[in-house]
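The primary structure of each chain is shown beneath.
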2 protein chains.
Amino acid sequence: MSFSKFTMRRIPSSSFTSISHRSISSRASTMRPLTVESLNPSILKVEYAVRGELAIKAEEYRNKLKEPNHGLPFDRVISSNIGNPQQIGLDQRPITFVRQIGALMDYPELEKLAPNAFPKDVIARAQELRSEIGSIGAYSHSQGVPIIRKHVAQFIEQRDGFPSDPNHIFLTAGASAGVSLLISMLISDRKAGILIPIPQYPLYTATIAQYDGTPIPYYLDGTAGWSTSINEIESALEIAYKQGINPRALVVINPGNPTGALLEESIQEELVRLCEEHSLVLLADEVYQNNLHKRSTHPFTSFKKIVSRLKSPIPLISFHSISKGVMGECGRRGGYFECTNFSSDIRALMYKMASVGLCPPLQGQIAVDTLVRPPQEGEESYQLWKSETDTIHQALAERTHVMAERLNKLPGISCVDSPGALYLFPQISLSDKAIEAAEKAGKQPDTFYALALLDKTGICVVPGSGFGQRQGHWHYRLTCLCPGVDEYVGKLEKFHTEWIKQYGK
Amino acid sequence: MSFSKFTMRRIPSSSFTSISHRSISSRASTMRPLTVESLNPSILKVEYAVRGELAIKAEEYRNKLKEPNHGLPFDRVISSNIGNPQQIGLDQRPITFVRQIGALMDYPELEKLAPNAFPKDVIARAQELRSEIGSIGAYSHSQGVPIIRKHVAQFIEQRDGFPSDPNHIFLTAGASAGVSLLISMLISDRKAGILIPIPQYPLYTATIAQYDGTPIPYYLDGTAGWSTSINEIESALEIAYKQGINPRALVVINPGNPTGALLEESIQEELVRLCEEHSLVLLADEVYQNNLHKRSTHPFTSFKKIVSRLKSPIPLISFHSISKGVMGECGRRGGYFECTNFSSDIRALMYKMASVGLCPPLQGQIAVDTLVRPPQEGEESYQLWKSETDTIHQALAERTHVMAERLNKLPGISCVDSPGALYLFPQISLSDKAIEAAEKAGKQPDTFYALALLDKTGICVVPGSGFGQRQGHWHYRLTCLCPGVDEYVGKLEKFHTEWIKQYGK
C-alpha cells in the first residue's frame, strides 16, 4: 500500500455535498447484515482443536459444577487438553525465583518496604535489569530488550558451543507469535508449501490456513516411537512438486508435540541436508527442549548446533518459550526465536513486522531472562530453585512413565512412553460399531470417543484428528501434568473398559 | 485447509527410498538463497513510520552518546516519536495501585512476607482476582479472564448508561492486537476497502497492507481543528465504488491520533447513519478516551453510547487500552475491544482466532482490571491514586497547550492546540529550496526536516508522511510527554529558526 496513493488523490469536489444527513438516515433500512460468508475465507478454514469443541464443552461443565444439583457423574473437570502447568487443579507451582524478579520489576519500592522478603541475588538481578530497562510499563525495543537478547545469546552459546548474535534474537509473546510471524512471511502465495509433521501441534496448520498457504504433511512413524523418516519427507516433497506446490519451509518439532519423541543427531543432520537440497527454511520448534524424561538415552541437541557444526548455509529459525519446561509461565506470554543464516534485509523485515505490534510483553521478556539465566550455584536463590525445578522434572517423568505403562495394559490402546515434552498420544483401536455410532452422531470417531470420555469422567483430552493422523488410525492427546495419577488414570481405565463393553474391541 | 487432505493422502510407497543421504548432501551446493523478493509481497508493502527510519537513527545516536567523545551536538536523545509515557528520560511514573496489584499477583507470598507494604484494599483486590484466576502463570480463557471481562462490562455500563455483555468483550495484548484481528477478518479479498482517516495512526495502513486490502482514505480538516466531514467520507466512498472497491469498515480514531481532535456527538450520529447506509462495520479506536485536556468544551462520548441511543444495528467494535490514558502501561500489553451488534457465529470466529494465540498476557489483563476498577473514594488507596492521576492529567494538559502556543509563534508553523490524546501535529511550510534539497537527498520533504531536527537536537519526531497528509502539505507528530518544556521547545524553536535562515520560509 503506497502512501502516494493518498497524497496524489484529488481532494473531493463539492459535488457530493448534496447528500444530507436526512437522506442518509432514511436509507438505514437498506443495511446489509454482516455475515460469516462475507469475511476473510482463510479465517474460516482455520482449525485449532486444542481449544475447540472439547475445551468449550469442558468449560460449560466447569460452570455447571458450581450449581448445587449439577447432576454430572463427576465432581471436577480435568483439563488434559492443553499444556498449561499452572492451571487451577494442577499442582505445579511457579518457580519462586521467577516470581520474585517479576514482583520487584513491577514494584521496585519493595526493595525498601520489604528488604528481607527477597534474596540478595534476586535484588541484584532486578536492579541490573531495571538499570537497562527502566520501567516495565514502557515499550521496549520491538525486537526485545537488548540486554535480555544478549543473555539469550549467551545461553545459546553455552548450550551449543557455537557463537550466537543478540541481533539475531527476537523476543516474542510466546513461541506462537514467532511461528505466526515467520509463516506469514514465508507464504508468498497459495502455492507456497510448508512441510509439517503429522501428528503436529495445530498452531502450524492453523497459521498456514490463516495465511492461505499449503501444508505439506509428512507422517511420523507411531510404530517406531514416532520417528522421523527422510524418505517419508522426500516422498511428501515429490507429491508436492507434482501438484505444483513450491516448498518453502520444513517444520520440525523436537521434542515432539504431541508425540514427545526426540530426534537423533544423525537424523537432524540428514534433515539439514534435505533443507539444503530443497532450499527450505528450517523452522525448529524446540519449546520442550527442557522437558526430557530420559536424558541419558534421549538427549536433546539443538538444530542450531547441528547447522553450526555442519557449517550449513540453510536459513534456520529456532523457537523457545517460557510456557513449557519446568517454568510453565504460559500466562506471561514470553519466548524468543533465533535466526541463523538470514540476511540483514530479511531481519529488517522481521523487525518492521514486530514493530507494528510494538513489543513483546515486558513481564514475558523478564521471565525469558530468568529462563536463560537461572540462579548459579553459590547464589542465595540456588538451592530453592534447584529443589523446585528437580521436583517438577521428576514428577513429570514419573507420571509420564506410569501413565504410559497403565494405558498400554488396556485392550486396544497402544501408547509410546514419551521421552520428552508434556504429553502422551495413545492410539486407540475403534470397532466398526463405534465408528458407525460416531457417524450417526456426525462426529469423527476419535472426537466421539473423547466427547464420551469428557461426558463420563470430566477428563478433557484432544482427539487425534486435531493433530492429524494416518487414515483409519485414531488417537488422543492428554497431558502428563495432572496430580493423583491413580485417580486420573483410574478414570481413564474405567471409562475405556466400559467403552469396550458397549462397542467391542 | 481441510484436514481430510492429510488423512486421505496415500501413504508414500518405498519407490523414493533410493534417495540416500550422500546423494542429498552432494546437491547442497545447488541451494537457492532466501531472498526478500521470494517472501510474502504484502509484508513488503507494510509501512510503520512510528518505529521506522527516524526511530532507528535515534537508537543509533542513543548508543553513540555512551561513547566518551561522541561528537554529537546534543547530550541526550528525546524520543517524541512514540506515545510511551514511562520510557527512560520522561517523568511519568507508574500508578502505584497498578504496580502493587501486579506485584501481589506475581508473588502472593508477599501478603505474609510484607503485610505492611500494601494497603488493605490492594490485598483484598489481589485476593479476589487470585480466587478467580489462580496463578497468572497459567493460560486464561482465550477471550480473557471472565471476571475481568465482567468488570470491563460494568465500566462500560457506568460510562454510557447502556447495557454491556461480558461475552461481547475480548481482552487483547494492547488495542493493536484487536485492530489486527478485526482487519484480518474483514478483508475478504483485495477489493475489500477500509475507510481510514488521514492523518491516521499507521497501524491501520500497515495492517491493511499486511492483509492485502485497500485503504480508502478520507481527509480530516486541519484548518478546522482536524474535524471530520461526512461529505468528505461520502466522496471517498464514491471514488472507491467507481474503482470497484467494496467498502467493509470505517475506522474512526476519537480522540484523534495524531490530531488530538474530539468528535461532537452530532458528527458521531451522522457517522453511525453513514455506516448504516453503506453497511459498514464501525471500528472505533477510543484508546485516548481518558486523555482529555479540555473536558468542559471537548468531552468524550463513546460510539457505543451513540449506537445504543440511536438503537442502530451497525456492527461496532470499540477499542480501549492500558497503554495510554494516565496509566501508560504500554509494556504490559493490555487492552480490550467490545463487539456490538455482532452475531454469535462471528464472535465464535473471533474466539477461534484468539485461541490460536492462546490468550492475552495475564499481567496486561490484570492491569485492564485496575483501569476499569480504580480505587473508590473511602478506600485506602484512593488518595494516592487520585493525586497521581490528577498530576499526570494536569501536566499533560499544560504541556500540550504551552507547546502548541510556542510552536504557533514560529514562522511557517501552524499547530492545532490538541484538546485530547498525547500529541501535537504541527503543519510546517517548506520552501522550494528545502523541497529541492530533500529531493536531492532522496527524502520526502517532511522526513528531510525531521532528520535534520534529529541530527541537530536529538529530538526524534515522526514525519507527517508516516500518517498521511494532503498533497503539498507537510507535518510532523511529536508527543507532549517530555519534561522540561522550556528546554525541549527551546531546541525546536532554535532549530526551526536556523532552518528558516538556511532554506527560507
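Everything numeric in this text was worked out from a predicted model, so none of it was measured.

The next point concerns the interface of chain A and chain B. At the junction of the two partners, chain A supplies 142 residues and chain B supplies 141 residues. Surface buried jointly by chain A and chain B totals about 11900 Å² across both partners, of which 61% is contributed by carbon and sulfur atoms. On the surface where chain A and chain B come into contact, there are six salt bridges. Our count for the chain A to chain B interface comes out at 41 residue pairs in polar contact (both at pLDDT 80 or more). For the side of chain A that touches chain B, the leading source of residues is helix α11 (residues 230–242) of chain A, giving nine residues. Partitioned by chemical class, the residues of the side of chain A that touches chain B number 70 nonpolar, 43 polar and 29 charged.

Position of Ser 279 of chain B relative to the elements: it lies in the loop between α12 (265–277) and β6 (281–285). Every residue in contact with Ser 279 of chain B, bar those within four places of it in the chain, is listed here: Thr 30, Met 31 and Arg 32 of chain A together with Arg 248 of chain B.

This part takes up the domain arrangement of chain A. Residue and element names in this part refer to chain A. Domain annotation for chain A reports domain 1 (49–91 + 393–503) and domain 2 (120–372). At the interface, 27 residues of domain 1 touch 33 residues of domain 2. In this assembly, domain 1 packs against domain 2 so that about 2300 Å² is buried in total across both faces, 58% of it on carbon and sulfur atoms. Looking only at domain 1, the three residues that lose the most surface to domain 2 are His 393, Pro 419 and Phe 467, adding up to 26% of its buried area. At the surface where domain 1 touches domain 2, the tally comes to one salt bridge. Between Asp 417 and Lys 294 there is a salt bridge, and its shortest N-O distance comes to 3.4 Å. Counting across the interface, domain 1 meets domain 2 through 13 residue pairs in polar contact (both at pLDDT 80 or more).

To continue, consider helix α17 (residues 432–441) of chain A. Residues and elements named next belong to chain A. Considered for burial, the residues of α17 that qualify are Ala 434, Ala 437 and Ala 438. End-on, the buried residues of α17 take up no more than an arc of 100 degrees, which puts them together on one face. Turned more than 90 degrees off the buried face of α17, the exposed positions are Asp 432, Glu 439 and Lys 440. On its buried face, α17 sits against α18 (445–457) and α19 (485–503).

This part takes up the relation of the copies chain A and chain B. With an axial shift of 0.0 Å and an RMSD of 0.0 Å, the rotation relating chain A to chain B amounts to 180 degrees. Read as a symmetry element, the transformation amounts to a two-fold axis. Within chain A, Ala 103 of chain A has its C-alpha nearest the rotation axis, a separation of 2.1 Å.

All right, on to the sheet that holds strand β10 (residues 423–424) of chain B then. Backbone-to-backbone hydrogen bonds join strands into a sheet, with any given pair of strands oriented parallel or antiparallel. Residues and elements named next belong to chain B. The strand order β10-β14-β13 describes an open sheet built from three strands, whose pairing is antiparallel. Across the chains shown, the open sheet's two edge strands, defined by having one partner strand only, are β10 and β13 (462–463). Across two bridges, β13 lies against strand β14 (residues 476–479) in antiparallel orientation. The residue of β14 that forms the bridge with Val 462 is Arg 477.

What follows is about the packing of aromatic side chains. Residues and elements named next belong to chain A. Scanning the entire structure with this criterion turns up 31 aromatic pairs over all chains. Residues Tyr 288 and Tyr 423 carry aromatic rings whose centres are separated by 5.7 Å and whose planes lie at 80 degrees to one another, so their mutual orientation is edge-to-face. Within this pair, whereas Tyr 288 is found in the loop between β6 (281–285) and α13 (303–309), its partner Tyr 423 is found in strand β10 (residues 423–424), the two being separated by 135 residues in sequence. With a relative accessible area of 3%, Tyr 288 lands in the buried category. When the ring of Tyr 449 is compared with that of Trp 499, the centres are 4.8 Å apart and the planes differ by 70 degrees; the resulting orientation is edge-to-face. In this pair, Tyr 449 sits in helix α18 while Trp 499 sits in helix α19, placing the two residues 50 residues apart along the sequence. Taken together through their ring pairs, the aromatic side chains of Phe 448, Tyr 449, Tyr 476, Phe 495, Trp 499 and Tyr 503 make up a single cluster. Between Arg 477 and the ring centre of Tyr 423, over which it is positioned, the NZ or CZ distance is 3.9 Å.

Each value, and the rule that gives it
Residues numbered from 1 in each chain as written. Chains lettered and ligands numbered in written order. Predicted model: local features only at pLDDT ≥ 70, side-chain atom pairs only at ≥ 80, totals over all residues. Heavy atoms only, no water. Contact = heavy atoms within 4.5 Å. Buried area = accessible area lost by both parts, 1.4 Å probe. Salt bridge = Lys/Arg side-chain N within 4 Å of Asp/Glu carboxyl O. Polar contact = N/O pair within 3.5 Å; in protein donor to acceptor, adjacent residues only side chain to side chain. Helix = DSSP H or I, 4+ residues; strand = E, 2+ residues; numbered from the N terminus. Nonpolar A, V, L, I, M, F, W, Y, C, P; charged D, E, K, R; others polar. Domains from an automatic or database assignment. Buried < 20%, exposed > 50% of the residue type's maximum accessible area, 1.4 Å probe, protein only. Arc of directions from axis to C-beta. Least-squares fit on C-alpha atoms with pLDDT ≥ 70 in both. Pairing = 2+ DSSP bridges. Phe/Tyr/Trp six-rings, centres within 6.5 Å; stacked < 30°, edge-to-face > 60°. Lys NZ or Arg CZ within 6 Å of the ring centre and 35° of its normal.

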